[in-house]
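Spelled out from the first residue to the last, the chains are:
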Amino acid sequence: MNPIIVIPTRMASTRLPGKPLAGIGGEPMIRRVVRRALAAELGPVVVAAAEAEIVEAVALPGVRVVLTDPALPSGSDRVHAAVEAVDAAGLHDVVVNLQGDLPLFPPDDLRRVLLPLERGEYDLATLVARVTEEREIAASSIVKAACAFTEGDDVARALYFSRIAVPWGEGPLWHHIGVYGWRRAALRRFVSLPPSPLELRESLEQLRALEAGMAVGCVAIARAPLGVDTPEDLERVRAVVALAEKDVP
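Residues numbered from 1 in each chain as written. Predicted model: local features only at pLDDT ≥ 70, side-chain atom pairs only at ≥ 80, totals over all residues. Heavy atoms only, no water.

S.K.: Run through the side chain of Ser76, naming residues and quoting values.
M.R.: Here Ser76 lies in helix 3 (residues 75–86). For Ser76, the residues in contact, after removing those within four places along its chain, are Asn97, Trp182, Leu187, Phe190, Val191 and Glu205. (Helix = DSSP H or I, 4+ residues; strand = E, 2+ residues; numbered from the N terminus. Contact = heavy atoms within 4.5 Å.)

Structure representation (C-alpha cells):
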C-alpha cells in the first residue's frame, strides 16, 4: 500500500465556528492535528481546507494545503477533491481521512486503521473503541458500530452504524471513531453516489457505504480520542494540553 493522509477542515462549524483556528497551547488546533498525522509516518500529509484562513494557518514543512470548494457537502467529498488535486496520477492507492478536530489523536492509532486494508476483503476501514461509560450508551452523539471481534483477530466487519445502542443483548458496545482508511477506488465510488436512505435517516455518512455493498473493516483502539465539537470540548482539550506541557521539563 502507498497511503496518503488527508485532513478535511472548515471554518463553518455549527457548534464551534472557526474551530480549526481555535488556539490550543499557543497554536491553532489544525496545526496540532497535522503534527499528529506527520508523526504517524504513513505517507504525505495534505490539509483539505474550505477557507483561505486555514491555508494561512498551516505552515509546516512537508505539508501541502489544498483550498477546496466550500460548497462541497461533506468531509469525504473534500478529501476526494484534495487527493485528486495533488495526486491525479493515482500513485497513492490508500487515502487516510483524519478528522481536523482530533488534536490529541495518537499516531499509533492512526497506523492501525490500515490493518483491514492489508486484507483483500475490505473497501474501507475505520476505528472503534469500547464504550465504557453508561452515559455514552444513550447519547445520540456517540455513534455505535455493530461489529463483533473474534478471539485473536484485530479486525471485525461492520454490519451497521447507529446513534442508538446496537447490537442488543449482552456483550460490548463499540464507539465508532470517524477516522477512515479508504481504498482509492472505493472513495471515488462513494462520493459519486447520492446520499442513501439510511444515511439520511440516521444522519451518518458511513451508512452510504454499507448500503452500496461496500465492506467496512473495524479495528479496536484502547480508548476514544477527545475530539472538539463544542466550546466545552475545546476547554477540556486545552486543560489536557496545559497539564501535559506543564509536566514537560
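S.K.: A description of the nonpolar core should follow, citing residues and the corresponding values.
M.R.: Ranked by internal contacts, the top residues of the largest apolar core, which has 43 residues, are Ile5, Ile7, Val34, Leu98 and Leu110. Listing elements by their share of this core, those giving two or more residues are strand 1 (3–9), helix 1 (29–40), strand 4 (45–49), strand 6 (94–97), strand 7 (124–130), strand 11 (174–183), strand 12 (216–221) and helix 9 (231–246). Sort the elements by how many residues they give to this core and helix 1 lands first, with six residues. The residues touching Leu98, leaving out its near neighbours within four places in the chain, are Ile5, Val6, Ile7, Pro8, Val33, Ala37, Phe105, Leu110 and Val179. One finds Val83, Leu124, Cys147 and Val216 within the second-largest nonpolar core, a separate group that totals 31 residues. (Core = buried A, V, L, I, M, F, W, Y, C linked by side-chain atoms within 4.5 Å. Buried < 20%, exposed > 50% of the residue type's maximum accessible area, 1.4 Å probe, protein only.)

S.K.: Could you give an account of unusual backbone geometry, naming the residues involved and the relevant values?
M.R.: Between Val166 and the following residue, Pro167, the backbone shows a cis peptide bond with an omega angle of 0°. Within the secondary structure layout, Pro167 lies in the loop between strand 10 (160–162) and strand 11. The backbone phi angle of Glu41 is positive, close to 55°, even though this residue is not glycine. For Glu41, the position within the fold is in the loop between helix 1 and strand 4. Of the residues examined, Glu41 reaches a relative accessible area of 70% and is grouped as exposed.

S.K.: Describe the pattern of salt bridges, and please don't skip the residues or the numbers.
M.R.: Two side chains bearing opposite charge may form a pair once their charged atoms approach each other closely. Here the structure, examined in full by the defined rule, presents 15 salt bridges. In this structure, the salt-bridge partner of Asp229 is Lys19, at a minimum N-O distance of 3.7 Å. Placement of the pair is Asp229 in the loop between strand 12 and helix 9 and Lys19 in the loop between strand 1 and strand 2 (23–24), with a sequence separation of 210 residues. With relative accessibility at 30%, the residue Asp229 sits in the partly exposed group. Among the ionic contacts, a cluster of salt bridges with common partners joins Glu27, Arg31, Arg32 and Arg35. (Salt bridge = Lys/Arg side-chain N within 4 Å of Asp/Glu carboxyl O.)

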